[in-house]
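Here are the chains, one letter per residue:
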Amino acid sequence: MYRILFTVFYLFSLLPMRVHYLISDMLYLLLYYIVRYRVRVVKSNLASSFPEKSSDELLAIERRFYRWFCDNLVESIKLMTISREEMKRRMVFTNMDEIDRVIEEGRSIALYLGHFCNWEWISSVPLWITPKARCGQIYHPIENKAFDRLYLYIRQRMGALCISMQDTLRRIVEFRKAGQPIIIGYISDQKPLWTNIHHWVDFLHHDTPVLTGTERIAKKFGHAVYYVDVQRIRRGYYQATFKLMADNPSQLPDYQLTDIYYQHLEASIRQVPEFWLWSHKRWSRTREEFNRRFEVVDGKVIAK
């Protein structure tokens, strides 16, 4: 199965970008108008997140989202064969001198990411930084082993190391013992498991349970923390800017770093709402249900 998937994706990836976007346009028509892929979820999420917008405005965002969603799919596959030179031309990172300065000091960096713009192409950051640092990204293994192996190949092709969530602490400790500065990306806007809910934020008009692992790791290891603000310049071209959130996160009160991240993310989404992943059921866990089913004992969430 892996060989079949690899061959199909590889051959598709070899097509010119203009062909990829032609396929994306056709895929948009299929997913949005025929299959109606998660349209109800998208409509519900948009309506509850932007109650101030009219139905026409919401519909326009919805359609633009599906166009971007299809572009994101083909762009992710293109990562399989795109040259490093072309990747640097299409995914530009700014203020890298600041990042290099932190690494030159022998320190490591935690990057807060979101499902916004093209998060897969952020794996090309090793092309922009000093070779003294090792880049990694935390990921959740895909249940299908063939797809998991395929996406590991794609995501690691530009030099970033994929680290599974359960191995995060162990690998960071290994790098620290070896004196190796690291830059680790965390996609932190995912929905936590019930037993991982320790904090809630007001995010897009929703009382939202959030992951706090990124904050805990950054504080434990003293990593400088940045938010990666990604903008789509035009189709197929992006610019990422690193915004300092905390140089010494251990000085911040608990959960303040997480709150700052969600403030940054919401600002990015409100600026260009169609570039966030509206098709996932982000708000299916409510505080009311959490309080009914769980309790916190000595900092741990347990079922009642």
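Attention here is on the structure that accompanies the text. (Residues numbered from 1 in each chain as written. Predicted model: local features only at pLDDT ≥ 70, side-chain atom pairs only at ≥ 80, totals over all residues. Heavy atoms only, no water.)

### Some remarks on the pattern of salt bridges
If you walk through the whole model with that rule in mind, you get 23 salt bridges. Its salt-bridge partner being Arg 107, residue Asp 247 comes within 3.2 Å of it at the nearest N-O pair. Here the residue Asp 247 occupies a position in the loop between strand E9 (237–246) and helix H10 (256–271), and Arg 107 occupies one in the loop between helix H6 (96–104) and strand E2 (109–113), the gap between them amounting to 140 residues. What makes Asp 247 partly exposed here is its relative accessible area of 35%. With a shortest N-O distance of 2.7 Å, Asp 207 and Arg 287 are connected by a salt bridge. Taken as a pair, Asp 207 in strand E7 (residues 206–209) and Arg 287 in helix H11 (residues 287–293) lie far apart in primary sequence, 80 residues in all. Its relative accessible area of 38% is what places Asp 207 among the partly exposed residues. Judged by its relative accessible area of 36%, Arg 287 falls in the partly exposed class. (Salt bridge = Lys/Arg side-chain N within 4 Å of Asp/Glu carboxyl O. Helix = DSSP H or I, 4+ residues; strand = E, 2+ residues; numbered from the N terminus. Buried < 20%, exposed > 50% of the residue type's maximum accessible area, 1.4 Å probe, protein only.)

### Some details on the environment of Asn 45
Considering the arrangement of structural elements, one finds Asn 45 in helix H3 (residues 39–49). Judged by relative accessible area, which is 8%, Asn 45 ranks as buried. Counting along the chain gives 83 residues from Asn 45 to Trp 128, while the straight-line C-alpha distance between them is 36 Å. Dropping the residues within four chain positions of it, Asn 45 is found in contact with His 206, Trp 278, His 280 and Trp 283. Here His 280 takes part through its backbone oxygen, which lies 3.0 Å from a polar atom of the side chain of Asn 45. (Contact = heavy atoms within 4.5 Å. Polar contact = N/O pair within 3.5 Å; in protein donor to acceptor, adjacent residues only side chain to side chain.)

### Concerning the packing of aromatic side chains
A complete count under the given rule lists 31 aromatic pairs for this structure. An angle of 25° between the planes, with centres 4.6 Å apart, marks the rings of Tyr 112 and Tyr 261 as stacked. Of this pair, Tyr 112 sits in strand E2 while Tyr 261 sits in helix H10, and the two are 149 residues apart along the sequence. Accessibility classification places Tyr 112 together with Tyr 261 in one group, the buried group. Seen from their ring centres, Trp 194 and Phe 294 are 5.5 Å apart, and the 20° between their planes marks the pair as stacked. Note that Trp 194 is positioned in the loop between strand E5 (182–187) and strand E6 (200–203) and Phe 294 in strand E10 (residues 294–297), a separation of 100 residues in sequence. As far as the burial class goes, Trp 194 and Phe 294 line up, both buried. Put simply, the rings of Tyr 28, Tyr 32, Tyr 33, Tyr 37, Phe 65, Tyr 66, Trp 68, Phe 69, Phe 116, Trp 119 and Phe 275 pair up and form one aromatic cluster. In this arrangement the basic side chain of Arg 149 is found over the ring face of Tyr 2, its NZ or CZ atom lying 3.9 Å from the centre. (Phe/Tyr/Trp six-rings, centres within 6.5 Å; stacked < 30°, edge-to-face > 60°. Lys NZ or Arg CZ within 6 Å of the ring centre and 35° of its normal.)

### Quick word on the sheet that holds strand E4 (residues 161–164)
Sheet architecture is open: seven strands sit in the order E1-E9-E8-E2-E5-E3-E4, paired in mixed fashion. Looking along the sheet, the strands with just one partner apiece sit at the ends: strand E1 (91–93) and E4. Taking the axes of each pair of neighbouring strands and ignoring which way they run, one obtains an average angle of 30° across the sheet. Sheet topology places E1 next to E9; three bridges connect them, and they run parallel. (Pairing = 2+ DSSP bridges. Axes fitted to C-alpha atoms, helices over the stretch in contact; angles between N-to-C directions.)

### Observations concerning a nonpolar patch on the surface
On the surface, a cluster of nonpolar side chains totalling about 570 Å² of accessible area is made up of Leu 29, Leu 30, Tyr 33, Ile 34, Val 35 and Tyr 37. Following the sequence through the fold, Leu 30 ends up in helix H2 (residues 17–35). On the basis of relative accessibility, which here comes to 38%, the residue Leu 30 falls in the partly exposed class. (Patch = residues over 30% accessible without salt bridge, like charges linked within 9 Å, V, L, I, M, F, W, Y side chains within 5 Å. Areas by Shrake-Rupley, 256 points an atom, 1.4 Å probe, with all protein chains shown as cover.)

### A closer look at the packing of helix H1 (residues 2–13) against helix H4 (residues 55–78)
The N-to-C vectors of H1 and H4 enclose an angle of 100°; their axes lie 8 Å apart at closest approach. By the angle class used here, H1 and H4 are roughly perpendicular. Residues Phe 9, Phe 12 and Ser 13 of H1 form the contact with H4, whose own contacting residues are Val 74, Ile 77 and Lys 78. (Parallel < 35°, antiparallel > 145°, perpendicular 65-115°, else oblique.)

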